[in-house]
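What the coordinates show
One letter stands for each residue in the lines below.
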Amino acid sequence: MPVADPETYREMLDRAKSGGYAYPAINVTSSETLNAALRGFAEAGSDGIIQITVGSGEFWSGDSIRDAVGGAVTFAECARSVARNYPVTVALHTDHCPKEKYEGFLLPLLAESRQRHAAAGGPLFQSHMWDGSALPLEENLAISARLLALAAEVDAILEVEIGVVGEENAGLSGITEEKQLSTPEDADRVVDVLGMGERGRYLLAASFGNVHGVYRPGNVSLQPKVLEVIQRHIAERTGIESPFDLVFHGGSGSDPTAIEEAVSYGVVKMNIDTDTMYAFSRAVAHHVLSNYDKVLRVDGEMGSKKHYDPRAFLRPAEKSMANRVAAACRQLGSAGRGLLAATWPGHVRA
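Report on the accompanying structure. What you see is a predicted model, and the numbers here were worked out from it, not measured in a lab.

**So, the overall build of the protein chain**
A tally of helices and strands in the protein chain yields 15 helices and 10 strands. The globule rule puts the C-alpha radius of gyration for 350 residues at 20 Å, and the 20 Å found for the protein chain is close to it. Along the first, second and third principal axes, the C-alpha set of the protein chain runs to 70 × 50 × 40 Å. When contacts within the protein chain are restricted to residue pairs at least 6 apart in sequence, those whose partners lie at least 24 apart make up 73%. Of the roughly 15,100 Å² that the protein chain leaves accessible, carbon and sulfur atoms contribute 52%. Looking at the protein chain, you have 33 positive and 45 negative side-chain charges, and the mean spots of the two groups are 7 Å apart.

**Points about the pairing of strand 5 (residues 157-162)**
Residues in a regular strand project their side chains so that they alternate between the two faces of the sheet. Of all 6 residues in strand 5, 6 are buried; the element is thus mostly enclosed. In this sheet, strand 5 lies alongside strand 4 (residues 127-130) in parallel orientation, the contact comprising 4 bridges. Directly across from Ser 127, in strand 5, lies its bridge partner Ile 157. Taken together, the 5 bridges between strand 5 and strand 7 (residues 202-206) define a ladder with parallel strand orientation. Bridge pairing in strand 7 places Ile 162 opposite Ala 206.

**Brief notes about unusual backbone geometry**
For His 96, which is not glycine, the phi torsion reads 30° and is therefore positive. By the secondary structure assignment, His 96 is in strand 3 (residues 90-97). On the basis of relative accessibility, which here comes to 17%, the residue His 96 falls in the buried class. Although it is not a glycine, Asp 299 adopts a positive phi angle of roughly 55°.

**Comments concerning the pairing of strand 2 (residues 48-52)**
Summarising burial for strand 2: 5 of the 5 residues are buried, a large majority. When strand 1 (residues 23-27) meets strand 2, the two strands line up parallel, connected through 3 bridges. Bridge assignment links Ile 26 to a residue of strand 2, and that residue is Ile 50. Of the crossover connections in this fold, the one passing from strand 1 over helix 2 (residues 31-44) to the parallel strand 2 is right-handed. As defined by bridge partners, strand 2 adjoins strand 3 across 5 bridges and the pair is classed as parallel. Of the residues in strand 3, the one forming a bridge with Gly 48 is Val 90.

**Points about the nonpolar core**
Core analysis: the largest hydrophobic core is formed by 83 residues, its most contacted members being Phe 41, Ile 50, Phe 75, Phe 125, Trp 130, Leu 147 and Phe 244. Contact partners of Ile 50, with chain neighbours within four places excluded, come to Ile 26, Val 28, Leu 34, Ala 37, Leu 38, Phe 41, Phe 75, Val 90, Ala 91, Leu 92 and His 93. Counting residues in hydrophobic clusters, the runner-up holds 15 residues, among them Met 12, Ala 16, Ala 91 and Ile 157.

**Quick notes on the environment of Val 73**
Tracing the chain through its elements places Val 73 in helix 4 (residues 68-83). Separated by 44 residues in the primary sequence, Val 73 and Thr 29 have C-alpha atoms spaced 13 Å apart. Residues within four places of Val 73 in sequence aside, it is in contact with Leu 109, Arg 116 and Leu 124.

**Points about the pattern of salt bridges**
Scanning the entire structure with this criterion turns up 22 salt bridges. Linking Asp 188 and Arg 237 is a salt bridge whose minimum nitrogen-to-oxygen distance equals 3.0 Å. Residue Asp 188 is found in helix 9 (residues 184-194), and its partner Arg 237 is found in helix 10 (residues 225-238); the two are separated by 49 residues along the sequence. Residue Arg 237 is classed as partly exposed on the basis of its relative accessible area, which comes to 41%. It is possible to trace a salt-bridge network through shared partners that takes in Glu 138, Asp 188, Arg 189, Asp 192 and Arg 237.

Rules behind the numbers
- Residues numbered from 1 in each chain as written.
- Predicted model: local features only at pLDDT ≥ 70, side-chain atom pairs only at ≥ 80, totals over all residues.
- Heavy atoms only, no water.
- Helix = DSSP H or I, 4+ residues; strand = E, 2+ residues; numbered from the N terminus.
- Rg over C-alpha atoms; globule rule 2.2 N^0.38 Å.
- Contact = heavy atoms within 4.5 Å.
- Areas by Shrake-Rupley, 256 points an atom, 1.4 Å probe, with all protein chains shown as cover.
- Lys, Arg positive; Asp, Glu negative; His and termini not counted.
- Charge placed at Lys NZ, Arg CZ, Asp CG, Glu CD.
- Buried < 20%, exposed > 50% of the residue type's maximum accessible area, 1.4 Å probe, protein only.
- Pairing = 2+ DSSP bridges.
- Right-handed = clockwise from strand over helix to strand, strands pointing away.
- Core = buried A, V, L, I, M, F, W, Y, C linked by side-chain atoms within 4.5 Å.
- Salt bridge = Lys/Arg side-chain N within 4 Å of Asp/Glu carboxyl O.

Next up, the structure:
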């Protein structure tokens with residue numbers, strides 16, 4: 001299936017919202033992880049979202065080149081080519097672009113989409129995330145409004161973030177609670193500045209104690225009720241039931257009950273990166289450690305070409321990551337709900 005066009009992407013989001021489920025949004029850094037994400041979606045019978053960061057764009061361009069925009073274009077073109085081989089629909093998204101990067105990353109990508117849109121080719125990416133969460137709210141929303149207008153011109157969706165998502169690596173995040181919990185007043189300002197779709201469609205990543213990375217149980221306290229409060233507050237103001245299309249950042253390692261509750265409040269997209277990174281690398285490590293004297297030329301021996309051929313460890317890595325993606329689809333409720341009726345070996349139906 002080709003990558004979703006703007007109309008299809010909107011249909012995907014609408015189906016998730018009305019059906020009470022969410023799509024995994026999988027970060028990829030290479031063609032191997034791209035295929036792993038697509039394979040996982042296909043095996044679960046789920047549509048999904050595939051995304052890259054600025055750093056991933058640099059890596060896609062070649063580690064010695066580090067051209068984030070060029071790498072993002074390369075990723076998008078590669079995804080369009082290989083996605084045709086899988087019976088699922090996917091949207092392409094750029095993840096977390098901070099203030100110091102957006103003029104050199106988001107604006108050129110939107111300009112590229114403008115050229116393609118003018119030629120009736122549709123946007124390069126179906127959505128982009130502007131991460132102004134580290135800025136004062138008013139500055140964040142002022143830039144959000146500018147980017148929303150540019151995205152709307154090319155029929156793309158903008159993702160914005162209010163509140164700060166912490167960073168964790170087995171310890172405490174160090175982010176104060178008031179910064180990690182978005183408020184109804186924050187949501188009011190989002191509506192004041194960005195509207196409710198009439199100025200362009202957007203996704204909202206509201207913070208409810210979530211954290212990027214991996215953490216030990218008990219170190220992070222998710223409060224999904226924050227999302228319910230925000231949705232209810234804006235519903236009372238606008239008369240629109242469940243008004244925001246919400247995004248859950250930091251989905252890796254999160255408590256399943258908290259994930260289910262967050263989805264019930266209108267989360268339609270959950271970002272997963274750390275868990276899929278680990279699934280991929282774990283399989284590589286297993287191959288290397290299990291075949292140490294074959295992967296390496298130890299004690300003057302020659303090793304085994306078939307074991308140090310990169311395909312020998314990238315194949316199980318792809319499968320391992322695909323399994324984690326499929327598990328995410330089942331957890332979020334998107335498994336078996338793909339827009340296409342086509343089947344796939346191991347296909348899971350809802």
